[in-house]
Amino acid sequence: MTTILDPTDERVPVARQLSPRPAQLAGSVALLDIAKPRGNVLLDRLSERLGQLAPNITINRYTKPTFTKPAPIDLRQQIAAENQLVVEALAD
Amino acid sequence: MPNAKAFSIGDVTFDPAGDALVVFVKEDCPTCNDVMPLLAHWLRCELSIPLLVIGQTSDGNAALQARYDLEQPLLDDSSLAISFAWDIETVPTLVRTGSQARVLEGFVRDEWQALAADAGLPDYDYSTLPAWRPGCGSLSVDPQHYDRLRAEADGSPIRARKVDIGASDDEMEFLFDAGFTDGLPVVPPTPERVLRMLDGIDRDPQDIVACVPPNLADVTLEKIAINAVMAGCKPEYLPVVVAAVEAVCTDDFNIHGVMATTMGAAPVLVVNGPIRQRIGMNMGMGALGQGNRANATIGRAVRLVVRNIGGAVPGGTERSTLGSPLKFTMCFAEWEERSPWEPLHVERGFEPDDSVVTVFGMSSGPTYMVDQDSRSASQLAGSFGLCLKTAFHPRAHSATDTLIVVCPEHVDTLIRDGYSKADIRARIKEVSDARLGDLVEDDLSGVGLKRDKAAAIPEEKLDRIVPKFAEPEHIALVVAGSDAGKFSGAFHGWVRGPMGTIPVSKKINA
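Residues numbered from 1 in each chain as written. Chains lettered and ligands numbered in written order. Predicted model: local features only at pLDDT ≥ 70, side-chain atom pairs only at ≥ 80, totals over all residues.

**Details of the overall build of chain A**
We apply this condition: Only DSSP runs of H or I reaching four residues or more are called helices, and only runs of E reaching two or more are called strands; each is numbered from the N terminus. Exposed residues have 12 or fewer other C-beta atoms within 10 Å of their own C-beta, buried residues have 20 or more, and residues in between are partly exposed; the C-beta atoms are placed from the backbone. Note that contacts rest on C-beta atoms placed from the backbone: two residues are in contact if these are within 7 Å.
For chain A, the count of helices and strands is two helices and four strands. Every one of the 92 residues in chain A was classed for burial, and the buried ones make up 13%. At a minimum sequence separation of 6, the contacts of chain A that also span at least 24 residues come to 73%.

This is how it looks when you write it as structure tokens:
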């Protein structure tokens, strides 16, 4: 038998689970623009439709400094602290 | 010097604080066979202190028992764990423990006789024994076993999770199936190999070197060493790999963006300074190609770290449209001695004697700049400028950067006219500059300033000159390649700047 050393960061080797989906649309919803061209166009339209569909929700808009890098930790924490849901506009 | 430690073998438990004699022997050692009749005599007698005779191989112990007619088998240290823990270097070694501790390595008749008398052992005809014999090396220091023993010992620096590959599994196939490779076979990172790799750098293996995106996982020296083993590195390459991992994991270099972009960028590593010769890097013929172990494996090790620790896996966060062979490995050394100019690392603020690795985030290359005809520096640098107009797209200006690898024959043409690096950059700029008005989309290509926007710009503003490369330092120049051939090469960059990538240099601590 050969023994080798794990070359990875040793995260638990299970598939990451999706967060449970909420039963209703309520509270605050984050719309995150990753700063790709025209992401704001998509989010503007989404914001409009969400406002019609669920007038009681609060919509908060956020933008990453650049799509090429992970969101700064402050921004991630802010989104998590201020919202129950997040919608991300991925690309152009 | 041997150092007695507690141990248990079968039902024998040994406490080093007690008064005892412990002898280490090996069956194929002539000196051990010389002293075995004496040890056999002692083992047959009633002794006033315990005597433990430890043999280093199972088969050898059985052979010694039969050869010297022993009633009891020797104590079995075929795992060599006790010999290693005691730092036994020579067999036979006779150790007296307790208040009158003493160590005798090899065989010196007078010393053994005196120690036996001190310990109150029965008489023996010592004249039947040789006066002096040096003994043999202990199996525990044999290179075949030593690294395994280091890895398994209590003080081992290894902390990584151990993965057992079943005896019926093909280890190479296992490594593919586990997703640890770049598509080519890797060297199985056994604890012995990783320990040998860690010998290449004088630092605590648990030191954290960097935080690797996209997993944002801390990477220790040990984890880098594991991936360096897999890539095929020698231990002396490890300091270069470590410096390169530090460099790519900076915010400036932005390895996350470099790996994730659909455009398909990759790190290109240039090594400068005395370490080039020390580890045998190729900076001459075929420096950017295959065939040199250091060039090939250092770049590969960095990529494996980014893949295995950072989690940048094609189809996951790595989403290049076409991919690139650069993504396997791209590392070479600058031929500083063949260059009339300051080498790259000195231009970037380091001392000539520093060993430095510089990382560039490049999307393609080397794209050959074929010029066998120019006989003046201005013509040749002009050719560079013409060739570089195509980086990204002929109408893409001030968008990217370039790393030019000037071949020696081209160096000779350039220095004949006294061209400095600044002169080359200026000539490239002169040739590749464009009027804004000439960068408008048309029926030939949709790339460029949009027609409606161009129409809204006053004519005099359309005469504004837009450089191909926004700043002179966006044209990096190094020398490499063989003395024959007028073929320089250029790597074309990715998005240059804080939004994309900026080259980073790190000193190599070796």
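**Concerning the pairing of strand β8 (residues 102-105) of chain B**
Residues and elements named next belong to chain B. Selection criterion: Strands were regarded as paired on the criterion that DSSP finds at least two bridges between them.
Strand direction decides the pairing type here: strand β7 (residues 93-97) and β8, joined by four bridges, are antiparallel. Its bridge partner lying in β8, T93 is registered against E105. Taking the residues that link successive antiparallel strands as the turn, the β7-β8 hairpin has four residues, and the phi of G98 there is positive, at about 95 degrees.

**Section: the packing of helix α8 (residues 221-231) of chain B against helix α12 (residues 293-308) of chain B**
When two helices pack together, their arrangement is given by the angle between their axes and by how far apart the axes lie. Residues and elements named next belong to chain B. Quick note on the threshold: Between N-to-C directions, angles span 0 to 180 degrees; the directions come from axes that are lines fitted to C-alpha atoms, helices contributing only their stretch in contact. Note on terminology: angles under 35 degrees are roughly parallel, angles over 145 are roughly antiparallel, angles of 65 to 115 are roughly perpendicular, and the others are oblique. Here is the rule for handedness: rotate from the far helix to the near one, and if that takes an anticlockwise turn smaller than a right angle the crossing is left-handed, while a clockwise turn gives right-handed. Any residue outside Ala, Val, Leu, Ile, Met, Phe, Trp, Tyr, Cys, Pro, Asp, Glu, Lys and Arg is labelled polar, Gly included; the first ten of those are nonpolar and the last four are charged.
At a minimum axis distance of 8 Å, the contact between α8 and α12 shows a crossing angle of 130 degrees. Considered as vectors, α8 and α12 are oriented oblique to each other. In this structure, α8 crosses over α12, and the sense of that crossing is right-handed. Here I224, N227, A228, M230 and A231 of α8 come into contact with α12, specifically with T297, R300, A301, L304, V305 and N308. For the contact of α8 with α12, the residue count by class is seven nonpolar, three polar and one charged.

**Things to note about the sheet that holds strand β3 (residues 58-63) of chain A**
All names here are of chain A. Across the sheet, three strands lie side by side as β3-β2-β4; this open sheet has parallel pairing. Both edges of this open sheet fall to β3 and β4 (85-89), since each of them pairs with a single strand only. With direction set aside, neighbouring strand axes in the sheet form an average angle of 20 degrees. Of the strands in this sheet, β2 (28-33), β3 and β4 touch helix α1 (residues 39-53), which is tilted by about 165 degrees from β2.

**What about the interface of chain B and chain A?**
The partner chain A presents 14 residues to the 33 residues of chain B that form the contact. Put simply, the parts of the chain that give the side of chain B that touches chain A at least two residues each are β12 (162-165), α7 (191-198), α8 and α10 (255-260) of chain B. Broken down by class, the residue content of the side of chain B that touches chain A amounts to 18 nonpolar, 10 polar and five charged. Two elements, strand β1 (residues 2-5) of chain A and β12(B), share four bridges in a ladder whose sense is antiparallel. When the bridges of β12(B) are listed, A:L5 appears paired with B:K162.

**What about the environment of B:D118?**
All names here are of chain B. Within the secondary structure, D118 sits in helix α4 (residues 109-118). Using a count of 11 C-beta atoms within 10 Å as the deciding quantity, one classes D118 as exposed. Each C-alpha atom of the pair D118 and Q100 lies 9.3 Å from the other, and the pair is 18 residues apart in sequence.

**Some points on the confidence of the model for chain A**
We count it as follows: Per residue, pLDDT measures the predictor's confidence, with a range of 0 to 100.
Confidence along chain A averages 86 in pLDDT terms, with 89% of residues attaining 70 or more. The least confident element of chain A is β4(A), whose mean pLDDT is 89; the most confident is β3(A), at 96.

**Some details on the confidence of the model for chain B**
On average, residues of chain B carry a pLDDT of 95, and 100% of them reach 70 or more. Across the assembled chains, the prediction reports ipTM 0.75 with pTM 0.79.

**A closer look at the domain arrangement of chain B**
Residue and element names in this part refer to chain B. Put simply, the test is: Start and end points for every domain follow an automatic or database-based domain assignment.
Parsing chain B into structural domains produces domain 1 (7-152) and domain 2 (171-433 + 468-507). Averaged C-alpha coordinates put domain 1 and domain 2 at centres separated by 56 Å. Taken together, the contacts link four residues of domain 1 with four residues of domain 2. Class assignment of the residues belonging to the side of domain 1 that touches domain 2 gives a composition of one nonpolar, no polar and three charged.

**Observations regarding unusual backbone geometry**
All names here are of chain B. Each neighbour pair has its own omega, and for P213 with P214 the value is 0 degrees, a cis peptide bond. Within the fold, P214 resides in the loop between β13 (208-212) and β14 (217-220). Across the junction of G365 and P366, the peptide omega takes the value -5 degrees, indicating a cis bond. Position of P366 relative to the elements: it lies in strand β17 (residues 356-370).

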